[in-house]
Amino acid sequence: MASSTVRPEDQDRLTEQDVARRLLDSAAKLSYDPVTEVDWSTPLDTEHHGASPEWSTLYGTAYWQELTENQRKALTRQEAASVASTGIWFEMILQQMVLRDMYAKDPTDPRFQWALTEVADECRHSIMFARGAAKLGAPAYRPRRPVIELGRAFKTLAFGEAAYAAILVAEEVLDVMQRDWMRDERVAPFVRTINNIHVVEESRHMKFARDETRKRLRAAGPLRRHINSFVVAIASYCIVTSMVNRDVYANAGLDGERARAEARANEHHKSLMRASCSGLMEFLASARLLTKPALFFYKRAHLI
């Protein structure tokens, strides 16, 4: 009597398709249109922060203690706008990597359809962040030129687990801080709405990125794993160190040189970053992507 069996690789593909279907169903039921969900028409209320004060790069420093409440609010608004601008920069990289990964693949596959759904989400997020930064009264913050050029190379060359693990790092770091901001009544209401939209929709993106990272690593040998762990660590370092632009302090009316010096030495902020990334580091460790060279960059970025 013949027995019907499913090969392991076919079972994996069916499981991946099932996950993609659930993500598509979730997106159909719980997605937002920032054009109508965010209050863009009400003028900015300068009595609110742009982010939870505890997330400011100066919180806990001697300089922070000297600032007036209005100066603190002005600073967190500039910092939140800078984080949003960095998010736009990396979301543009993310979109290109996902599209390149799905190029010429089966469009009837739920994974293909989910990937396009994610790209559509990221397009809306980038526009939302751009409008949010403008409403916060901030200029166009951009990473430094070397980082921009490294990003240009990364989006062109990164593939497989390197691409999806880097996507996960950017999304996880933003997710943790935005979960705090969206619940904080000291933060401007429209910023809280932006953060809520991003947290809800990015939770699906992080699920996909984790699954894709694990899947691509199944066939990875030691050399490939070590190379990609190093690439992901450098990408993570560039993303995290670019979140708060060096010009936010002067644009908030502060002494830029002193503020940058105190921010660099701020142990409170370093500790907050390490604590917020503990789950991410556990995942990278379980995927065997925390090699010694990679750890060097994670430690320099204060992620571990």
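For the structure itself, look to the data block above.
What counts, and where the lines are drawn
- Residue indices follow the written sequence of each chain, beginning from 1 at its first position.
- Residues qualify for local features only when their pLDDT is at least 70, as the model is predicted, and side-chain atom pairs are given and counted only at 80 or more; totals for whole chains, interfaces and linings, by contrast, use all residues.
- No hydrogens and no water enter the side-chain calculation; it runs on all heavy atoms of the structure.
- Numbering goes from the N terminus for both helices and strands, where a helix is a DSSP run of H or I of at least four residues and a strand is a run of E of at least two.
- Radius of gyration here is computed from C-alpha atoms only, and the compact-globule reference equals 2.2 Å multiplied by the residue count raised to the power 0.38.
- Partly exposed describes any residue whose relative accessible area lies between the buried limit of under 20% and the exposed limit of over 50%, with all areas from a 1.4 Å probe on protein chains only and scaled to the type maximum.
- We call two residues in contact when some of their heavy atoms are within 4.5 Å.
- Each accessible area value is a Shrake-Rupley result obtained with a 1.4 Å probe; residue values ignore everything except the protein chains displayed when judging cover.
- Note on charges: Lys and Arg go in the positive column, Asp and Glu in the negative column, and His and the chain ends are not counted at all.
- Taken as the charge location is NZ of Lys, CZ of Arg, CG of Asp or CD of Glu.
- For salt bridges, the criterion is a side-chain nitrogen of Lys or Arg within 4 Å of an Asp or Glu carboxyl oxygen.
- Aromatic rings from Phe, Tyr and Trp, taking only the six-membered ring of Trp, are treated as a pair when their centres fall within 6.5 Å; an angle between ring planes under 30 degrees marks them as stacked, one over 60 as edge-to-face, and anything in between as tilted.
- For a lysine, the NZ atom is tested; for an arginine, the CZ atom; a charge sits over a ring if that atom is within 6 Å of the ring centre and within 35 degrees of the ring normal.
- Cavity and pocket criteria rest on a 1 Å grid covering protein atoms alone: a 1.4 Å probe that fits but cannot get out defines a cavity, protein on both sides within 12 Å along at least 5 of 7 lines defines an open pocket, and an atom within 4 Å of a point defines a lining residue.
- Grid points are joined across faces, edges and corners, and a volume is the space filled by probe spheres set on the points.
- Residues are grouped as follows: Ala, Val, Leu, Ile, Met, Phe, Trp, Tyr, Cys and Pro are nonpolar; Asp, Glu, Lys and Arg are charged; every other residue, Gly included, is polar.

Peer 1: Got a minute to help me understand the overall build of the protein in this structure?
Peer 2: Looking only at helices and strands, the protein features 14 helices and zero strands. In terms of overall size, the protein behaves like a compact globule, its C-alpha atoms giving a radius of gyration of 20 Å where 304 residues would be expected to give roughly 19 Å. The principal-axis extents of the C-alpha atoms in the protein amount to approximately 80 × 45 × 30 Å. Split into buried and exposed, the 304 residues of the protein put 53% on the buried side. Counting contacts in the protein only where the partners sit at least 6 residues apart, residues at least 24 apart contribute 83% of the total. Split by element, the accessible area of the protein, about 14500 Å² in all, is 56% carbon and sulfur. Both charge centroids of the protein, one from 42 positive and one from 40 negative side chains, sit 5 Å from each other.

Peer 1: Got a minute to help me understand the pattern of salt bridges in this structure?
Peer 2: Two side chains bearing opposite charge may form a pair once their charged atoms approach each other closely. Evaluated as defined, the whole model comprises 24 salt bridges. Arginine 218 is the salt-bridge partner of glutamate 16, the closest N and O atoms lying 3.4 Å from each other. Taken together, the residues span a long stretch of sequence, with glutamate 16 in helix 1 (residues 8–29) and arginine 218 in the loop between helix 8 (189–217) and helix 9 (222–241) at a distance of 202 residues. The salt bridge involving arginine 216 is made with glutamate 212; its shortest N-O contact spans 2.7 Å. Highlighted residues: arginine 216 and glutamate 212, both in helix 8, separated by four residues, approximately one helical turn.

Peer 1: What exactly am I supposed to notice about the packing of aromatic side chains here?
Peer 2: Both the distance between ring centres and the angle between the ring planes are used here to describe each pair of aromatic rings. Tallied over the full model, the rule gives eight aromatic pairs. For the ring pair phenylalanine 230 and phenylalanine 297, a centre distance of 5.6 Å and an interplane angle of 70° mean the geometry is edge-to-face. With phenylalanine 230 in helix 9 and phenylalanine 297 in helix 14 (residues 292–300), this pair connects stretches of sequence that are 67 residues apart. Here the aromatic cluster, defined as three or more aromatic residues joined through ring pairs, consists of Phe230, Tyr237, Phe296 and Phe297. If you follow lysine 135 out to its NZ or CZ, it ends over the ring of phenylalanine 190, 4.6 Å from the centre.

Peer 1: Can you help me understand the side chain of histidine 205 in this one?
Peer 2: In this structure, histidine 205 sits in helix 8. Note on histidine 205: relative accessible area 0%, which makes it buried. Excluding its chain neighbours within four sequence positions, the residues that come into contact with histidine 205 are Trp114, Glu118, Asp121, Glu122, His125 and Glu171.

Peer 1: I'm lost on the layout of surface pockets in this one. Help?
Peer 2: Over the atoms rolls a probe the size of a water molecule, and in doing so it shows where empty space is left. Quantified by volume, the largest pocket comes out at close to 930 Å³. As for the largest pocket, its lining consists of 31 residues, of which Thr57, Val240, Thr241, Ser242 and Val244 are closest to the centre. Of the volumes computed, that of the second largest pocket is approximately 330 Å³. Ile88, Trp89, Met92, Pro143 and Ile148 are, among the 14 residues lining the second largest pocket, the residues nearest its centre. It is helix 4 (residues 69–102) that provides the largest number of residues to the lining of the second largest pocket, a total of six residues.

Peer 1: Teacher, can you tell me more about empty space enclosed by the protein here?
Peer 2: Within this structure, the stated rule accounts for two cavities of 30 Å³ or more. What the largest cavity holds in volume is close to 120 Å³. Ala80, Ala84, Val191, Ile194 and Asn195 are, among the 15 residues lining the largest cavity, the residues nearest its centre. Every element with two or more residues in the lining of the largest cavity is listed here: helix 4, helix 5 (110–135), helix 7 (160–183) and helix 8. Residue composition of the lining of the largest cavity, by class: 11 nonpolar, four polar and no charged. Quantified by volume, the second largest cavity comes out at close to 100 Å³. Along the wall of the second largest cavity there are 14 residues; nearest its centre are Gly87, Phe90, Ala170, Glu171 and Leu174. Put simply, the parts of the chain that give the lining of the second largest cavity at least two residues each are helix 4, helix 7 and helix 8. The leading source of residues in the lining of the second largest cavity is helix 4, at six residues.

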